[in-house]
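Next come the chains, spelled out residue by residue.
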Protein chains: 2
Amino acid sequence: MPRPSTPLLSSDRIRSAALAIIDRDGLDGLSMRKLAAELGVQAASLYGHVRTKDQLLNDIASSVLSTVDVSGFEVDWREGLIRCARSYRAALSSHPNIVPFLAYGPAGREESLQRLDLLHGALVDAGWSRREATMIAAGLMYIVFGSALSSFSSGFSSDPADYTDRYPHLDRAHLLPGVARELDRDSFELALAAFVRGL
Amino acid sequence: MPRPSTPLLSSDRIRSAALAIIDRDGLDGLSMRKLAAELGVQAASLYGHVRTKDQLLNDIASSVLSTVDVSGFEVDWREGLIRCARSYRAALSSHPNIVPFLAYGPAGREESLQRLDLLHGALVDAGWSRREATMIAAGLMYIVFGSALSSFSSGFSSDPADYTDRYPHLDRAHLLPGVARELDRDSFELALAAFVRGL
DNA sequence: GAGTTAACCTAACACTGTTCGGTTAGTCGG
DNA sequence: CCGACTAACCGAACAGTGTTAGGTTAACTC
């Protein structure tokens, strides 16, 4: 196929198709050839719109994080922290399969820095020292990312025989998968509330 | 080379060589061919001792986590939580490059479950309900894994120009890389203390 | 000493991300 | 209107990945 009359590809179309694949097949399920195939195109054609796969993933990550809202600090810094964390978690858990990518490396994403700047400023305004503000922001991110990884409650088998005898205190762990989502949310809320209250 | 008089390979040698590569070159720096080369062997030979690369990584992860100590709950459950979290973090931060692998999937690792069982039991003994115990354990893991990812303080540039003007509250963020390790530890301790105090 | 097993090898398969050079449709200058 | 040029795609290839099949020979067992 030569140059088509109306372009088949665009950065946006590529990004959203890639995110759909990630959501459906996981992070490892995304390959450039598969992505191209779903767009009705050959793999090489993608590189006219995207520099590298890593860059594509970064762009997707940024767009996922762009929905995070850090407003709400005017009322109360505790409430601001809680809202910010909830918003972060909502963004991440709407596309959980991309979280391992975020976990990989030095981010330095524009969006993250901007939000972090606001968060830091709000904490300093509330009376915390700069160093304390940095550590509190870090702690909040620990809880958010830790809960978003959720290799915790989703990592349980649903076969009771896997636990009985060997792990006496986990004798009902096989019920976890059924309530994993709810339990993850409640665990996050508990951790967040305890953290903020304990500051 | 036919069968050598004394075997060149063993599961242990393979595991420790692989972990050394991961520590040195990162998770992506480990390939079966490279691992084989460092052991003076061809890649295919590894598969006589290791089922798959994924299994190898799981075994390595288990051995890293095997140093975690969950004793210390006799004294006080708060102290027990703190010691457990510190021990976990120590294990993870001694081999930080394998943490992204842990972040990937349903773990269900023998070691983790065993430790989780003890933790859960200790919390129930201390008077928490089973559900609360589960959530508290999850919250603790959030902080441990979140801090071990450390895509936070290690993700900052050391060039002041990257922050000035654009991020007014982060005007000293360029200093972070120099104190990243210490700051990460302090942030972890702060988050842990706040979390436990807030329960 | 024969037969079996264990430990290595070479070669290959089906993938991966990415690049090079080609082909053609659309667009712009004269 | 037509030539030059660019934009958007394709086919083929490269170097790398995890993994398997089948071969070769040393060491062990009876």
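Residues numbered from 1 in each chain as written. Chains lettered and ligands numbered in written order. Predicted model: local features only at pLDDT ≥ 70, side-chain atom pairs only at ≥ 80, totals over all residues. Heavy atoms only, no water.

Draft legend 1. Expanded view of the overall build of chain A. Looking only at helices and strands, chain A has 9 helices and 0 strands in total. Element order for chain A, N to C, with α for helix and β for strand: α-α-α-α-α-α-α-α-α. Its C-alpha radius of gyration of 21 Å places chain A more than 25% over the 16 Å reference for a compact globule of 199 residues. Considered along the principal axes of its C-alpha atoms, chain A spans approximately 65 × 55 × 25 Å. Per-residue burial over chain A gives 51% buried out of 199 residues. Of the contacts formed within chain A by residues at least 6 apart in sequence, a portion of 62% connects residues at least 24 apart. When the accessible surface of chain A is summed, it comes to about 9400 Å², and 50% of that surface belongs to carbon and sulfur atoms. Both charge centroids of chain A, one from 21 positive and one from 24 negative side chains, sit 5 Å from each other. (Helix = DSSP H or I, 4+ residues; strand = E, 2+ residues; numbered from the N terminus. Rg over C-alpha atoms; globule rule 2.2 N^0.38 Å. Buried < 20%, exposed > 50% of the residue type's maximum accessible area, 1.4 Å probe, protein only. Contact = heavy atoms within 4.5 Å. Areas by Shrake-Rupley, 256 points an atom, 1.4 Å probe, with all protein chains shown as cover. Lys, Arg positive; Asp, Glu negative; His and termini not counted. Charge placed at Lys NZ, Arg CZ, Asp CG, Glu CD.)

Draft legend 2. Seen up close, the protein's contact with DNA strand D. Taken together, 23 residues lie near DNA strand D, and Leu8(A), Gln42(A), Ser5(B), Tyr47(B) and Lys53(B) sit nearest. Sugar and phosphate atoms constitute 64% of the interface atoms of DNA strand D, taking the interface as everything within 4 Å of the protein. Within the backbone of Met32(B), a nitrogen or oxygen atom sits 2.9 Å from a phosphate oxygen of DNA strand D. For the surface near DNA strand D, the secondary-structure elements that each account for two or more residues are helix H3 (43-46) of chain A together with helix H2 (32-38) of chain B. (Near = heavy atom within 4 Å. Polar contact = N/O pair within 3.5 Å; in protein donor to acceptor, adjacent residues only side chain to side chain.)

Draft legend 3. Spatial organisation of the nonpolar core. Membership of the largest hydrophobic core comes to 142 residues, with the highest contact counts inside it found for Leu35(A), Leu81(A), Leu35(B) and Leu81(B). Excluding its chain neighbours within four sequence positions, the residues that come into contact with Leu35(A) are Ile14(A), Ala17(A), Ala18(A), Ile21(A), Leu30(A), Leu46(A) and Leu56(A). (Core = buried A, V, L, I, M, F, W, Y, C linked by side-chain atoms within 4.5 Å.)

Draft legend 4. Representation of the relation of the copies chain B and chain A. In the superposition of chain B on chain A (RMSD 0.1 Å, axial shift 0.0 Å), the rotation amounts to 180°. Overall, the copies show the geometry of a two-fold rotation axis. When you check the interface residues of chain B against chain A, 100% turn up at the interface there too, and the contact is symmetric in its surfaces. (Least-squares fit on C-alpha atoms with pLDDT ≥ 70 in both.)

Draft legend 5. Highlighting the domain arrangement of chain A. Residue and element names in this part refer to chain A. Under the domain assignment used here, chain A contains domain 1 (11-50) and domain 2 (68-198). Taken over C-alpha atoms, the centre of domain 1 sits 29 Å from the centre of domain 2. Contact residues are listed per partner, giving 5 residues for domain 1 and 6 residues for domain 2. The tally of links between domain 1 and domain 2 comes to 0 salt bridges. Our count for the contact surface shared by domain 1 and domain 2 stands at 3 residue pairs in polar contact (both at pLDDT 80 or more). Across the side of domain 1 that touches domain 2, the residue classes break down as 3 nonpolar, 1 polar and 1 charged. (Domains from an automatic or database assignment. Salt bridge = Lys/Arg side-chain N within 4 Å of Asp/Glu carboxyl O. Nonpolar A, V, L, I, M, F, W, Y, C, P; charged D, E, K, R; others polar.)

Draft legend 6. Layout of the interface of chain B and chain A. Taken residue by residue, the interface counts 58 residues in chain B and 58 residues in chain A. When chain B packs against chain A, the two sides together hide about 5200 Å² of surface, and 65% of this comes from carbon and sulfur. Applying the counting rule to chain B against chain A returns 6 salt bridges. For Arg131(B), the salt bridge goes to Asp186(A), with nearest N and O atoms at 2.6 Å. Counting the contacts that link chain B with chain A gives 14 residue pairs in polar contact (both at pLDDT 80 or more). At the level of elements, helix H6 (99-102), helix H7 (110-125), helix H8 (130-149) and helix H9 (176-198) of chain B are the ones that each hand at least two residues to the side of chain B that touches chain A. (Buried area = accessible area lost by both parts, 1.4 Å probe.)

Draft legend 7. Quick peek at the packing of aromatic side chains. Residues and elements named next belong to chain B. Inspection of every chain in the model, using the stated rule, returns 5 aromatic pairs over all chains. A ring pair is formed by Tyr88 and Phe145, whose centres lie 6.3 Å apart and whose planes are at 55°; its orientation type is tilted. With a gap of 57 residues between them, Tyr88 in helix H5 (residues 77-94) and Phe145 in helix H8 connect regions that are remote in the sequence. Of the two residues, Tyr88 and Phe145, neither departs from the other in class, the shared state being buried. Their ring planes at 55° and their centres at 6.5 Å tell us that Tyr163 and Tyr167 sit as a pair that is tilted. For the pair Tyr163 and Tyr167, a shared accessibility class is recorded, and that class is buried. (Phe/Tyr/Trp six-rings, centres within 6.5 Å; stacked < 30°, edge-to-face > 60°.)

Draft legend 8. Local environment of H7(B). Residue and element names in this part refer to chain B. The end-to-end C-alpha distance of H7, which contains 16 residues, comes to 23 Å, matching closely the 22 Å that a straight helix rising 1.5 Å per residue would cover. Among all positions of H7, only Ser112, Leu113, Arg115, Leu116, Asp117, Leu119, His120, Gly121, Ala122 and Leu123 are buried. At the C-terminal side of H7, Gly127 shows a positive phi close to 110°. (Expected span 1.5 Å × (residues − 1).)

Draft legend 9. Structural view of the packing of helix H5 (residues 77-93) of chain A against helix H8 (residues 130-149) of chain A. Residue and element names in this part refer to chain A. Viewed as axis vectors pointing N to C, H5 and H8 meet at an angle of 35°, and their least axial separation amounts to 10 Å. Handedness of the crossing formed by H5 with H8: right-handed. Contact with H5, carried on its side by Leu81, Cys84, Ala85, Tyr88, Arg89 and Leu92, involves Ile136, Leu140, Met141, Val144, Phe145, Ser147 and Ala148 of H8 and no other residues of that element. Classifying every residue of the contact of H5 with H8 gives 11 nonpolar, 1 polar and 1 charged. (Axes fitted to C-alpha atoms, helices over the stretch in contact; angles between N-to-C directions. Left-handed = near helix turned anticlockwise from the far one by under 90°.)

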